[in-house]
Amino acid sequence: MAGVILKNVKKIYDGGNVAVQDFSLDIKDREFMVFVGPSGCGKSTTLRMIAGLEEISSGTVSIGNRIVNDVLPKDRDIAMVFQNYALYPHMTVYENMAFGLKLRKTSKSDIDKRVKEAADILGITELLNRRPKALSGGQRQRVAVGRAIVRKPEVFLFDEPLSNLDAKLRTQMRTEIKRLHVIIGATMIYVTHDQTEAMTMGDRIVVMKDGVIQQAAEPLVLYNTPVNKFVAGFIGMPQMNFFEGTIEDNTFICASGLKIDLVYLNKPELKNGMNVIFGIRPENAGSLTASQDQNNPEIEGTVEVVEPLGSEVYLYLRCSDHEVISRVEASGRTYEPGEKIKIRLDLSRSHFFNAQTENRI
């Protein structure tokens, strides 16, 4: 296996459209790296440059100890799994998985061994004689992954491979791909727009926006210490609550009149007169109970929408002119639209961002 190093990689299309800007990243050998971001952020373009399917405008891509800018895709020792499976409909599962090895003139005995080993790992041994049209979406995706495994490449590349599956299958396949990474110990680079996939699968995550890396870190680092408002809002579902206002006498004051007392928050970098964005996640804006820290401030809101999810409930509240999302436990207490409730904000888990730069304070 091998690591992947990108240095100052840029992609400019005809017409001057910059898709990826100054992208530098060191992906370690055997690491599971996830690229995540909204549509058009450059994540798939970056993956395709690593694969050799897109020409690099400037910078270098190295796989192992070899710069591969001018190396053909077939000679980069990578395998790619696409969103649309890309299986040959007239071939059986066995033939689809073996096809790339046949082109490389691998011996029949070695092909047979590799295909059966991969099928066993993925649990598709009984499907080897079927054609793709006789398979479900999840089974087709397993075959596409198996076709990559048999190659025994240095690096696996996944381009939104689960986006065509239903929610249950996506969850199942997430687990299987992560288990596969443990079994074969390969370097894997995975592209998705789904931050839940990113959080549950990646050893590290690269969050991208407009072709630029916003933050590259382990999942919990991104969640707990986002470097800016974009990362804070993109990572986490439902997204973080944001309020813009000014610090005055240890109090955060919004233009709408909402006030949050910060007197018990030890954050000397918050100065009076500063324009800031206050952020707090729904799970840290819970319903008011006696067991919660009374030093943390409470705010009152009107319930507008209730989303029961079994073990928990999401409440969409109107607090002054702000919508606030609160996550509470489903303890048998029912909530109704129009009801007024108080929630307490856990300031120890709050976030502050500069209102001008949107960078973390």
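Placed above this text is the structure.
Figured I'd write up the structure that's included with this text. (Residues numbered from 1 in each chain as written. Predicted model: local features only at pLDDT ≥ 70, side-chain atom pairs only at ≥ 80, totals over all residues. Heavy atoms only, no water.)

**Some details on the overall build of the protein chain**
Reasoning step 1: Looking only at helices and strands, the protein chain features eight helices and 20 strands.
Reasoning step 2: Projecting the C-alpha coordinates of the protein chain onto the three principal axes gives extents of approximately 75 × 50 × 35 Å.
Reasoning step 3: Here the protein chain holds 361 residues, and the buried ones make up 48% of them.
Reasoning step 4: If you take every contact in the protein chain between residues at least 6 apart in sequence, the share linking residues at least 24 apart comes to 67%.
Reasoning step 5: Of the roughly 17,200 Å² of accessible surface on the protein chain, 47% is carried by carbon and sulfur atoms.
Reasoning step 6: Across the protein chain, the centroid of the 45 positively charged side chains sits 8 Å from that of the 45 negatively charged ones. (Helix = DSSP H or I, 4+ residues; strand = E, 2+ residues; numbered from the N terminus. Buried < 20%, exposed > 50% of the residue type's maximum accessible area, 1.4 Å probe, protein only. Contact = heavy atoms within 4.5 Å. Areas by Shrake-Rupley, 256 points an atom, 1.4 Å probe, with all protein chains shown as cover. Lys, Arg positive; Asp, Glu negative; His and termini not counted. Charge placed at Lys NZ, Arg CZ, Asp CG, Glu CD.)

**Quick look at the packing of aromatic side chains**
Reasoning step 1: Under the criterion given, the structure shown has ten aromatic pairs.
Reasoning step 2: Here the aromatic rings of F242 and F353 are separated by 6.2 Å at their centres, their planes lie at 65°, and the arrangement is edge-to-face. Of this pair, F242 sits in strand β11 (residues 241–248) while F353 sits in strand β20 (residues 351–354), and the two are 111 residues apart along the sequence.
Reasoning step 3: Relative accessible area serves as the criterion here: at 0%, F353 is assigned to the buried category.
Reasoning step 4: Taken together, the ring pairs in this structure connect F32, F156, F158 and Y190 into an aromatic cluster. (Phe/Tyr/Trp six-rings, centres within 6.5 Å; stacked < 30°, edge-to-face > 60°.)

**Quick word on the sheet that holds strand β5 (residues 66–67)**
Reasoning step 1: Overall, antiparallel pairing links the four strands, which are arranged β2-β1-β4-β5 in an open sheet. Across the chains shown, the open sheet's two edge strands, defined by having one partner strand only, are β2 (18–27) and β5.
Reasoning step 2: Relative to strand β4 (residues 58–63), strand β1 (residues 4–12) is paired through five bridges, and the arrangement is antiparallel. Residue L6 lies in a different strand from β4, and its bridge partner there is V61. (Pairing = 2+ DSSP bridges.)

**Observations concerning helix α1 (residues 43–51)**
Reasoning step 1: Where burial is concerned, most of α1 is hidden: seven out of the nine residues are buried.
Reasoning step 2: Looking only at α1, the buried set comprises K43, T45, T46, L47, M49, I50 and A51.
Reasoning step 3: Positioned one or two residues after α1, G52 has a phi angle of 90°, which is positive.

**Side note on the pairing of strand β6 (residues 78–81)**
Reasoning step 1: Of the two faces of β6, the one lined by I78 and M80 and the one lined by A79 and V81 are each fully buried.
Reasoning step 2: Alignment of β6 against strand β7 (residues 155–159), held across four bridges, turns out to be parallel. Paired with V81 across the two strands is F158, which belongs to β7.

**Some remarks on the pattern of salt bridges**
Reasoning step 1: Evaluation of the coordinates by the stated rule reveals 15 salt bridges.
Reasoning step 2: Taking the shortest distance from any N to any O, the salt bridge between E312 and R327 comes out at 3.6 Å. With a gap of 15 residues between them, E312 in strand β17 (residues 312–319) and R327 in strand β18 (residues 322–329) connect regions that are remote in the sequence.
Reasoning step 3: R327 gets classed as partly exposed once you look at its relative accessible area, which sits at 33%.
Reasoning step 4: Through salt bridges that share partners, K11, R48 and E54 make up one connected network. (Salt bridge = Lys/Arg side-chain N within 4 Å of Asp/Glu carboxyl O.)

None of the figures reported here should be taken as evidence of function without further support.
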